[in-house]
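Residue-level structural notes
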Amino acid sequence: MLENKRAVIFDMDGTLMDSMWMWQDIDIEYLGRFKIPLPEDLGVAIEGMGFTETAAYFKDTFGLPMSVEEIKADWNRMAYEKYARQVPLKPGARELLAELKGRGIRLGIATSNHIDLVRAALKNNGVGELFDCIRTSCDVARGKPAPDVYLSVAERLQTKPEQCLVFEDGPMGVLAGLNAGMTVCGVEDAHAADRRKQVKDLANYYIHDFYEVLDHTYEVLR
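Heads up: these notes are all about the structure in this document.

Calculation rules
Residues numbered from 1 in each chain as written. Predicted model: local features only at pLDDT ≥ 70, side-chain atom pairs only at ≥ 80, totals over all residues. Heavy atoms only, no water. Core = buried A, V, L, I, M, F, W, Y, C linked by side-chain atoms within 4.5 Å. Buried < 20%, exposed > 50% of the residue type's maximum accessible area, 1.4 Å probe, protein only. Axes fitted to C-alpha atoms, helices over the stretch in contact; angles between N-to-C directions. Helix = DSSP H or I, 4+ residues; strand = E, 2+ residues; numbered from the N terminus. Parallel < 35°, antiparallel > 145°, perpendicular 65-115°, else oblique. Left-handed = near helix turned anticlockwise from the far one by under 90°. Contact = heavy atoms within 4.5 Å. Salt bridge = Lys/Arg side-chain N within 4 Å of Asp/Glu carboxyl O.

What follows concerns the nonpolar core. Counting residues in hydrophobic clusters, the biggest one holds 50 residues, and the most contacted among them are Phe10, Leu16, Tyr83 and Phe167. By size, the runner-up hydrophobic cluster in this structure holds 20 residues, among which are Val140, Ala154, Leu157 and Ala176.

All right, on to the packing of helix H3 (residues 51-62) against helix H4 (residues 68-85) then. Between H3 and H4, the shortest axis-to-axis distance is 9 Å and the interhelical angle comes to 110°. Considering their axes alone, H3 and H4 lie roughly perpendicular with respect to each other. For H3 against H4, the interelement crossing comes out right-handed. For the pair H3 and H4, contact is made by Phe51, Thr52, Thr54, Ala55, Ala56, Phe58 and Lys59 and by Val68, Ile71, Lys72, Trp75 and Asn76, respectively.

Once that is clear, we can look at unusual backbone geometry. For the bond from lysine 144 to proline 145, the omega torsion is 20°, close enough to zero to count as cis. Summarising the element assignment, proline 145 is placed in the loop between strand S3 (133-136) and helix H7 (148-156). Its identity is not glycine, yet asparagine 4 carries a phi of approximately 65°, on the positive side. Considering the arrangement of structural elements, one finds asparagine 4 in the segment before strand S1 (7-10). On the basis of relative accessibility, which here comes to 62%, the residue asparagine 4 falls in the exposed class. Even without being a glycine, histidine 216 presents a positive backbone phi close to 60°. With respect to the helices, strands and loops of the structure, histidine 216 is situated in the loop between helix H10 (211-214) and strand S7 (219-220). When its relative accessible area of 58% is taken as the criterion, histidine 216 is described as exposed.

Okay, the pattern of salt bridges next. Scanning the model with the defined rule gives 16 salt bridges in all. Put simply, arginine 103 and glutamate 99 hold a salt bridge, and the shortest N to O gap is 3.0 Å. Judged by its relative accessible area of 33%, glutamate 99 is partly exposed. In this structure, arginine 196 and glutamate 188 form a salt bridge, with 2.6 Å as the shortest nitrogen-oxygen distance. Relative accessible area serves as the criterion here: at 31%, arginine 196 is assigned to the partly exposed category.

In structure tokens form, the structure reads like this:
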């Protein structure tokens, strides 16, 4: 999987970090303030959107009275403590990061989340210094499945797309990596179990945890 790769780029939520468990609760609580029930298909509708795009979607879809910036600020306040204290790395992630760093492979993050939450989670888990570049979908013109955020990270890592390996847990993220011309490994996440087949239909590889990269037990899909 790592042969001829000079950079590895991680999605964060559901991929590098076990964090998706908290977002449904936040959505329920937030929409509940306006007596709006959580739509069953919300996760599918907003998958891959950047933080700003998602806030704009909430404002337009649910007719919220606040500005996009006010919605984002509310979400940051609701999520920050969890990211700063409770969100853990996925199994095997710490060991893989250390191995990659030891090999001299450049490390990046390409995420749809807010930069403040990303930094809080990385700091809490003691891995922030390992990454050479962090970019969010708010830094580029288009969110996933457009390739923009992955191409931005590759450019900053001074690495050609074909020399990059991407880890992603959802179909839109997998497509973003593929659209960037990169090799993509799908990552198991309990909160994306209903989209597992889609991920496997698209990705080059698939893992249940990052230990499978280290011991070469990952699934080769194509």
